[in-house]
Amino acid sequence: MANGLLADLPPNTLGLSLSAEQTQQLAGYLALIQKWNKVYNLTALRDPAEMRTHHLLDSLSVVTPLHAQTGGRALKVLDVGAGAGLPGVVIAISRPDVDVTCVDTVAKKAAFVQQVAVELRLRNLHGQHARVETLKGGNFDVVCSRAFASLVDFTTWSANALAPGGIWLAMKGKHPADEIAALPPSVEVFHVEQLTVPGLDAERCIVWMRKKAG
């Protein structure tokens, strides 16, 4: 599976052009999830094909939109409630110019991300054991989450981590109209972007948000 991880995908799938080294790193990442899953229960999925589609490709689908929204510049990204590192690790592999911190309240999951960084030699990847609401300083250009919490909780808990002019990237399934309607006036949704994930027969979207000026 590892060597042929992306071999069956059409060229330029998801708008990405990954090097052989990046493809090997993605394969290595999935192998590490499978290995650690036996002890740490990082994800409920066990089938390698499902993990490839539901985790890896699903996370890869945000890389091109992230590049487009931020102009391709170097970034500091915080992945909130990262769990096994999705999508944070995938972003770090696909975008070596992006510095990614994966934060989780479960120590073993943060430790796993640190181990991934060591084994795959990803200097731009960091695992941190903490509650996101305790992070101060407003250092992150993008704060992202995948199946973490409601939009209200996500933006409220991570507000202090967002840099001035920064944006939130929330991965969701169906268009979360009710969650958007519940957001406070201080949070502005400026785009809801539909995603297509190869091999995944389910709705996916990104909700892009920022702090409202004033």
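Values in this document were obtained by computation on a predicted structure and should not be read as measured data.

Caption draft 1: Spotlight on the pattern of salt bridges. Applying the stated criterion to the full structure yields 7 salt bridges. Among the ionic pairs, R204 bridges to D58, the shortest N-O distance being 3.0 Å. Here R204 is found in strand β7 (residues 204–211), whereas its partner D58 is found in helix α2 (residues 48–60), with 146 residues between them in sequence. Grouping residues by exposure puts R204 and D58 together as buried. Between R131 and E133 there is a salt bridge, and its shortest N-O distance comes to 3.0 Å. A relative accessible area of 48% means that R131 is categorised as partly exposed. Several salt bridges share partner residues, and in doing so they unite D58, R146 and R204 into one network.

Caption draft 2: Up close: the pairing of strand β3 (residues 125–129). Bridge count for strand β2 (residues 98–104) against β3 is 5 bridges, and the pairing is parallel. By the bridge assignment, V103 is partnered in β3 with Q128. Viewed along the sheet, the connection from β2 through helix α5 (residues 107–119) into β3 turns out right-handed.

Caption draft 3: Highlighting the packing of aromatic side chains. Under the defined criterion, the tally for this structure stands at 5 aromatic pairs. Centroid distance F148 to W157: 5.9 Å. Interplanar angle 75 degrees. Geometry classified as edge-to-face. On the accessibility criterion, W157 (32% relative accessible area) is partly exposed. For the ring pair F190 and W208, a centre distance of 6.5 Å and an interplane angle of 35 degrees mean the geometry is tilted. With a gap of 18 residues between them, F190 in strand β6 (residues 187–195) and W208 in strand β7 connect regions that are remote in the sequence.

Parameters and conventions
- Residues numbered from 1 in each chain as written.
- Predicted model: local features only at pLDDT ≥ 70, side-chain atom pairs only at ≥ 80, totals over all residues.
- Heavy atoms only, no water.
- Salt bridge = Lys/Arg side-chain N within 4 Å of Asp/Glu carboxyl O.
- Helix = DSSP H or I, 4+ residues; strand = E, 2+ residues; numbered from the N terminus.
- Buried < 20%, exposed > 50% of the residue type's maximum accessible area, 1.4 Å probe, protein only.
- Pairing = 2+ DSSP bridges.
- Right-handed = clockwise from strand over helix to strand, strands pointing away.
- Phe/Tyr/Trp six-rings, centres within 6.5 Å; stacked < 30°, edge-to-face > 60°.

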